[in-house]
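Single-letter residue listing:
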Amino acid sequence: MKTNLFDDAMRRLDTAIKHTDLNEEIALRVGTPKSCLEVSVPVRRDDGSLSFFRGYRVRHDDTRGPTKGGLRYHPSVTLDEVKSLAFWMTFKCAVVGVPFGGAKGGISVDAKSLSPMELERLSRGYIRLVADFIGPDVDIPAPDMYTNERIMGWMMDEYSTIRRQHVPAVITGKPVSMGGSVGRADATGRGAYYCARELAGKLGMDPAATTIAVQGFGNAGQHVARLLHKDGYRIVAVSDSQGAIYRPEGFDIPSLIRTKEETRHVQAVYCDGALCHSSNAANMTNAELLELDVDILIPAALENQITAENAARIKARHIIEVANGPISSEADEILNANNIGVVPDILANAGGVTVSYFEWLQNRSGQYWELQEVHQKLQAIMAREFHRIYDLHLAIGTDMRTAAYVHAIKRIGETMEAKGTRAYFANGSR
Ligand code: GLU
């Protein structure tokens, strides 16, 4: 059965609300997105023909500030998916305490099938259609799957052309030379790495004796693997959309990254490159990687990878969710029953939006930070919120995901309460 992502997201919210004494209006408000925009982007192809691509931008909730969230290019993008991702962004921003609400956007397109110039026309065309709905104080897009800093640069440039002024703060994840922040490129992976370090500290894990499997070797997966490998953790399996490799002794992650950059095909890295032969890596499928007997499993690819179908076969002791929504709510129950601890996505992958916030601050102040400052501030936020959620999950006797939602909904609820609720008006309070 295909899981409806938005319904699944709502189930997590319902579970969390039961652990709070928040006013019922708060659940009602976050239960539906504030606005959903659907557009059709015309793109003149290199051969002269015209194609149209369906795009979306959903603003889920702006209680805590302008809405914030990435923009993905993927053939499977649907409104339902974008709504769920926007919902998660509201909670993610609240988890780390950045003053933003949640949004998300996407275009249903196979980006790899477009030429670089077609990609630029698509990106600029999308901005022309959504320009009235975004802005530094309204809604601030950022990169997500199959979008990158070059695309963010084109989009900022197009928006600035429309407004007839330089508006760097309208979008984050830009090239550093166009007002991007140093440290944004690896921020999602780095934030997850800080969570892994805190978890290891809590549980007294020894890096050299800790085995890790990483599903997905894109921007987030590569960086979390690189940083953990540097600390001496054993990364025994990695994968991309085409397949996985497994080596019980662990991989040298910097050479895997180098080879991937050179060949662009991870399968070639694994199977045809010299590296594969010298390391005697075994090939496996993505599904097999998920079921490996490792200490930590890091899903860093797509949604719905661990579902009711395969959850009972997961052998990892801990899961750190670097992708958005890799575990379905039904799978949560099975993993909980099997005592598998999950550091949830809305905490573990919040490093990206946290450094996006830093970028927005730098764009608005015109003062730019050193890399060390970005790393220190990110580490402080990730460690602080990890411990708050870890302690809360012990205090209320739930899994960490529920605790993260409780933590976030309390922050959102406080702001909503401050604006007035039914109880406030019924009592005629002043
Ligand atoms: N797309 C990223 C996410 O899902 C980053 C969002 C942002 O930086 O605004 O968290």
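Residues numbered from 1 in each chain as written. Predicted model: local features only at pLDDT ≥ 70, side-chain atom pairs only at ≥ 80, totals over all residues. Heavy atoms only, no water.

1. With respect to the sheet that holds strand β7 (residues 234–240)
Strand order in this open sheet of 7 strands is β9-β8-β7-β6-β10-β11-β12, and the pairing throughout is mixed. The outermost strands of the open sheet, each flanked by one partner alone, are β9 (282–284) and β12 (341–343). This sheet shows a mean twist of 20° between the axes of neighbouring strands, independent of strand direction. Bridge count for β7 against strand β8 (residues 243–246) is 4 bridges, and the pairing is antiparallel. (Pairing = 2+ DSSP bridges. Helix = DSSP H or I, 4+ residues; strand = E, 2+ residues; numbered from the N terminus. Axes fitted to C-alpha atoms, helices over the stretch in contact; angles between N-to-C directions.)

2. Describing the site of the ligand
Contacts to the ligand come from 14 residues, most closely from K68, K92, P143, D144 and S356. At 2.8 Å, a side-chain N or O of K68 approaches an oxygen atom of the ligand. Between the ligand and N324, the relevant distance is 3.3 Å, taken from an oxygen atom to a side-chain nitrogen or oxygen of the residue. Alone, the ligand offers 300 Å² of accessible surface; in the complex the protein occludes 95% of this. Put simply, the parts of the chain that give the shell around the ligand at least two residues each are β3 (67–73), α3 (79–96), β5 (139–143) and α14 (351–365). Of the residues assigned to the shell around the ligand, the class counts are 4 nonpolar, 5 polar and 5 charged. (Near = heavy atom within 4 Å. Polar contact = N/O pair within 3.5 Å; in protein donor to acceptor, adjacent residues only side chain to side chain. Areas by Shrake-Rupley, 256 points an atom, 1.4 Å probe, with all protein chains shown as cover. Nonpolar A, V, L, I, M, F, W, Y, C, P; charged D, E, K, R; others polar.)

3. Things to note about the pattern of salt bridges
In the structure shown here, the tally under the stated rule is 34 salt bridges. The partner of E303 in a salt bridge is R72, with the nearest N and O atoms 2.7 Å apart. With E303 in the loop between β10 (296–299) and β11 (318–320) and R72 in strand β3, this residue pair connects regions lying 231 residues apart in the sequence. As a salt-bridge pair, R401 and E321 come within 2.9 Å of each other at their nearest N and O atoms. In this pair, R401 is assigned in helix α16 (residues 400–419) and E321 in the loop between β11 and α12 (329–337), connecting sequence segments 80 residues apart. Residue R401 is classed as buried on the basis of its relative accessible area of 3%. Among the charged side chains, a salt-bridge network with shared partners connects R12, E321, D332, D345 and R401. (Salt bridge = Lys/Arg side-chain N within 4 Å of Asp/Glu carboxyl O. Buried < 20%, exposed > 50% of the residue type's maximum accessible area, 1.4 Å probe, protein only.)

4. Description of the state of the cysteines
Think of a disulfide as a covalent bridge from one cysteine sulfur atom to another cysteine sulfur atom. Per the stated rule, a full pass over the model turns up 0 disulfides. Distance from the sulfur of C93, which forms no disulfide, to the nearest cysteine sulfur (C195) is 15 Å. Exposure remark for C93: the relative accessible area of 0% places this residue in the buried category. (Disulfide = S-S within 2.5 Å.)

5. Overview of the packing of helix α6 (residues 187–203) against α14
With their axes 6 Å apart at the nearest point, α6 and α14 run at an angle of 120° to one another. By the angle class used here, α6 and α14 are oblique. Read as a crossing pair, α6 and α14 show a hand that is right-handed. Across from A187, T188 and G191 in α6, the residues of α14 making contact are G351, G352 and V355. For the contact of α6 with α14, a count of residues per class yields 2 nonpolar, 4 polar and no charged. (Parallel < 35°, antiparallel > 145°, perpendicular 65-115°, else oblique. Left-handed = near helix turned anticlockwise from the far one by under 90°. Contact = heavy atoms within 4.5 Å.)

6. As for the packing of aromatic side chains
One pass over the full model with this rule turns up 11 aromatic pairs. Taking the centre distance of 6.2 Å and the plane angle of 80° together, the rings of F6 and F87 count as edge-to-face. In this pair, F6 is assigned in helix α1 (residues 5–17) and F87 in helix α3, connecting sequence segments 81 residues apart. Just as F6 is buried, F87 falls in that class too. Residues Y357 and F358 carry aromatic rings whose centres are separated by 6.3 Å and whose planes lie at 45° to one another, so their mutual orientation is tilted. Among the residues examined, F358 registers a relative accessible area of 3% and is labelled buried. Each member of the aromatic cluster is reached from another via a ring pair, and the members are F100, Y357, F358, W360 and W369. (Phe/Tyr/Trp six-rings, centres within 6.5 Å; stacked < 30°, edge-to-face > 60°.)

7. Comments concerning the sheet that holds strand β2 (residues 50–61)
Pairing in this open sheet of 5 strands is mixed, and the strands run β1-β2-β4-β3-β5 from one edge to the other. Either end of the sheet is taken by a strand with one partner, and the two such strands are β1 (35–44) and β5. Each strand axis lies, on average, 20° off the axis of its neighbour in the sheet, ignoring direction. In the sheet, β3 pairs with β5 via 5 bridges, with the strands oriented parallel. Bridge pairing links L71 to P143 in β5. Contacting β1, β2, β3 and β4 (101–107), α3 crosses the sheet at an angle of about 150° to β4. Where helix α4 (residues 116–130) meets the sheet, it contacts β1, β2, β3 and β4, and its direction lies at approximately 140° from that of β1.

8. What to know about unusual backbone geometry
As a rule of thumb, non-glycine residues mostly have phi less than zero, and peptide bonds are mostly trans rather than cis. In the Ramachandran plot, Y146 falls in the positive-phi region, its phi being about 60° despite a non-glycine side chain. Along the chain, Y146 falls in the loop between β5 and α5 (149–163).

Remember, this is a structural readout, not a statement about activity or role.
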